[in-house]
Amino acid sequence: MPELPEVETIARELQAVMPTSRIIGLEIRLPKMIKLPVNRFRRNVVGATVGRVHRRAKLLLIDISTGQTIIIHLKMSGQLIWRSVTGRLRVGGHPIPGGTEALPNAYSHVIVATNRGTLFFNDQRQFGFVKMIPTASLEHWLEDEGYGPEPLSDEFTLDVFEEILRRHRVKRIKPTLMDQTVIAGIGNIYADEALFYAKIRPTRRIHTLRPDERKNLWKGIRHVMTLAIKYKGTTADAYRTANGQPGGMLPFLRAYGRDGLPCKRCGTIMKKITLAGRGTHYCPGCQQ
DNA sequence: TTCAATGTTTAGAC
DNA sequence: GGTCTAAACATTGA
């Protein structure tokens, strides 16, 4: 499930419980999830102490005491579940059928055991991955990957956004928002939401955006991301219900998944189209 | 049975 | 060279 707010939620939850725990075991049930030689991964991970858990773009980052950072991408259906030794669960990512009571389950591909609890990396569709980079070269690695600015950082000013739009003026706005090298962390849900906020149709060519629309879109991106983090993402806290009900942000979505329903702003029936291969939801009444 | 799913990459067409 | 679409990855469920 995860876009920036969901991964941020997971990072914060894990940061609250994992640091200073010692990794005492590692089970790799599906080796293809680990994008480096499994032996090298194991050698650096087992016996290490967990440092900071943080996030960049949609990547979850776990610093460990061997000077490495574990990088996890959840892609479409990944989830991370922390089960403390007392049995308390913290879940992030896609809800799993049947809830979280039985762990590990058929989708638990990587299991990291520590003295304080166990981290399960589950992924139904197996698109996610685990990498490992020396912490000292993490920034450099991220730069090489080409990620754009964090939308909630001070660096992401209106001027920076305007410059981004100038670089991509012939493209359509929604796929550009979702391009991780343009801005980091915006996915399909929050692209639709930010465009709804700014009353901009997702198919608009960037050069047709007026100054007020560009500013509203910049505000919309930050507003939507901030709100989603506040509510712990759109499904990230599905663990509260055993049957995988969606998370706290869902009632606040105004575009995603609302095709066929009246627009919350103007009442027009919302539409869904396919754009760049992704379901795209908008109001034909007030998004021009 | 067919299609779509919160992501990303790649091949090909224009 | 730039931009766009479809397909691929694997699985499930509507």
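Residues numbered from 1 in each chain as written. Chains lettered and ligands numbered in written order. Predicted model: local features only at pLDDT ≥ 70, side-chain atom pairs only at ≥ 80, totals over all residues. Heavy atoms only, no water.

Trainee: It is not clear to me how the protein's contact with DNA strand C should be interpreted in this structure. Could you clarify?
Mentor: In the vicinity of DNA strand C lie 12 residues, with Arg125, Gln126, Val170, Arg172 and Arg205 positioned nearest. A share of 70% of the atoms of DNA strand C within 4 Å of the protein falls on sugar and phosphate groups. Lys32 places a side-chain nitrogen or oxygen 3.4 Å from a phosphate oxygen of DNA strand C. A distance of 2.7 Å is found between a phosphate oxygen of DNA strand C and a side-chain nitrogen or oxygen belonging to Arg205. (Near = heavy atom within 4 Å. Polar contact = N/O pair within 3.5 Å; in protein donor to acceptor, adjacent residues only side chain to side chain.)

Trainee: Please clarify how the domain arrangement of chain A should be interpreted in this entry.
Mentor: Interface size is commonly expressed as the accessible area that is lost once the parts come together. Taken domain by domain, chain A consists of domain 1 (4-145) and domain 2 (158-282). Using C-alpha coordinates to define each centre, domain 1 is positioned 27 Å away from domain 2. (Domains from an automatic or database assignment.)

Trainee: Explanation requested: helix α3 (residues 138-145) in the structure shown.
Mentor: Since one α-helical turn is 3.6 residues long, residues separated by three or four positions face the same way. Along α3, the positions that sit buried rather than exposed are Leu138, Trp141 and Leu142. The buried residues of α3 occupy one face: seen down the axis, they fall within an arc of 100°. Opposite the buried face of α3, by more than 90 degrees, sit the exposed residues Glu139, His140, Glu143 and Asp144. Looking at the buried positions of α3, the neighbouring elements they touch are β2 (50-56), β3 (59-64), β4 (68-73) and β9 (129-134). Among the residues trailing α3, Gly146 stands out with phi positive, at a value near 85°. (Buried < 20%, exposed > 50% of the residue type's maximum accessible area, 1.4 Å probe, protein only. Helix = DSSP H or I, 4+ residues; strand = E, 2+ residues; numbered from the N terminus. Arc of directions from axis to C-beta. Contact = heavy atoms within 4.5 Å.)

Trainee: Whenever I open this one, the packing of helix α4 (residues 158-167) against helix α7 (residues 211-230) confuses me. Can you help?
Mentor: In the contact formed by α4 and α7, the axes pass within 10 Å of each other and the chain directions differ by 115°. Between α4 and α7, the angle is such that the two are roughly perpendicular. The two elements α4 and α7 cross, and the hand of that crossing is right-handed. Facing α4, whose interface residues are Leu158, Phe161, Glu162 and Leu165, α7 presents Arg214, Lys215, Leu217, Trp218 and Ile221. In terms of residue class, the contact of α4 with α7 is made up of six nonpolar, no polar and three charged. (Axes fitted to C-alpha atoms, helices over the stretch in contact; angles between N-to-C directions. Parallel < 35°, antiparallel > 145°, perpendicular 65-115°, else oblique. Left-handed = near helix turned anticlockwise from the far one by under 90°. Nonpolar A, V, L, I, M, F, W, Y, C, P; charged D, E, K, R; others polar.)

Trainee: Can you walk me through the packing of aromatic side chains in this structure?
Mentor: The relation between two aromatic rings is expressed through the spacing of the ring centres and the mutual angle of the planes. Counting across every chain of the model gives two aromatic pairs. Their ring planes at 65° and their centres at 5.6 Å tell us that Phe156 and Phe161 sit as a pair that is edge-to-face. For Phe156, a relative accessible area of 1% gives the class buried. Between Tyr231 and Phe252, the aromatic rings sit 4.1 Å apart at their centres with planes inclined by 20°, giving stacked as the arrangement. Of this pair, Tyr231 sits in the loop between α7 and β10 (271-275) while Phe252 sits in the loop between α7 and β10, and the two are 21 residues apart along the sequence. We classify Phe252 as partly exposed; its relative accessible area is 35%. Just above the ring of Phe196 sits the side chain of Arg265; from NZ or CZ to the centre is 3.9 Å. (Phe/Tyr/Trp six-rings, centres within 6.5 Å; stacked < 30°, edge-to-face > 60°. Lys NZ or Arg CZ within 6 Å of the ring centre and 35° of its normal.)

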